[in-house]
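Understanding the architecture of this molecule
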Amino acid sequence: MSTIKDSSLANRGIQKILWAYNHMDILKELKNAYQIKMPLSGFRVGMSIRMEAKTACFALLLKDMGALVYATGCNPLSTQ
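Take the overall build of the protein next. When helices and strands are tallied, the protein shows 3 helices and 2 strands. Starting at the N terminus and ending at the C terminus, the protein contains elements arranged as α-α-β-α-β. Within the span of the protein, comprising 80 residues, buried residues form 15% of the whole. At a minimum sequence separation of 6, the contacts of the protein that also span at least 24 residues come to 70%. Split by element, the accessible area of the protein, about 6300 Å² in all, is 58% carbon and sulfur.

What follows is the structure in structure tokens.
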């Protein structure tokens, strides 16, 4: 289940995540190297973290590597 305070900001958030991903060469290399092998398949990862574009990129990388990822913002005043 997802609780989004203002869904009209989704496209802007996606753009920020894509921008961050395009500047994170190590994450791109990891994704290219391990996406097919799915080394995290069967693992569950829980994250309570200040969710920013760069941490979203990391969560998505874990998902792309096979993990089931649950993420929540740790500070409701700064993460919307």
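Its 12 residues place the ends of helix α3 (residues 53-64) 16 Å apart at the C-alpha level, agreeing with the 16 Å of an ideal helix rising 1.5 Å per residue. Of all the residues in α3, the buried ones are T55, A56, C57, A59, L61 and L62. Elements that come into contact with the buried residues of α3 comprise α1 (10-22), α2 (25-34), β1 (44-49) and β2 (68-73). Once α3 ends, the next one or two residues include G66, with phi positive near 110°.

Another point: the pairing of β2. Where β1 lies against β2, 6 bridges are found, and the strand directions are parallel. When the sheet's bridge partners are listed, M47 is paired in β2 with A71.

For M38, which is not glycine, the phi torsion reads 50° and is therefore positive. Relative to the elements of secondary structure, M38 occurs in the loop between α2 and β1. Judged by relative accessible area, which is 34%, M38 ranks as partly exposed.

Within the secondary structure, T55 sits in helix α3. Within polar-contact distance, the side chain of T55 engages the backbone nitrogen of E52 at 2.7 Å. Setting aside anything within four residues of it in sequence, one finds T55 in contact with M47, I49 and R50.

Let's shift gears to the nonpolar core. Grouped together as the largest cluster of nonpolar side chains are 5 residues: A20, L27, C57, L61 and M65. Dropping the residues within four chain positions of it, M65 is found in contact with Y34, M38, P39, L40 and S41.

Quick notes on the rules
- Residues numbered from 1 in each chain as written.
- Predicted model: local features only at pLDDT ≥ 70, side-chain atom pairs only at ≥ 80, totals over all residues.
- Heavy atoms only, no water.
- Helix = DSSP H or I, 4+ residues; strand = E, 2+ residues; numbered from the N terminus.
- Buried < 20%, exposed > 50% of the residue type's maximum accessible area, 1.4 Å probe, protein only.
- Contact = heavy atoms within 4.5 Å.
- Areas by Shrake-Rupley, 256 points an atom, 1.4 Å probe, with all protein chains shown as cover.
- Expected span 1.5 Å × (residues − 1).
- Pairing = 2+ DSSP bridges.
- Polar contact = N/O pair within 3.5 Å; in protein donor to acceptor, adjacent residues only side chain to side chain.
- Core = buried A, V, L, I, M, F, W, Y, C linked by side-chain atoms within 4.5 Å.

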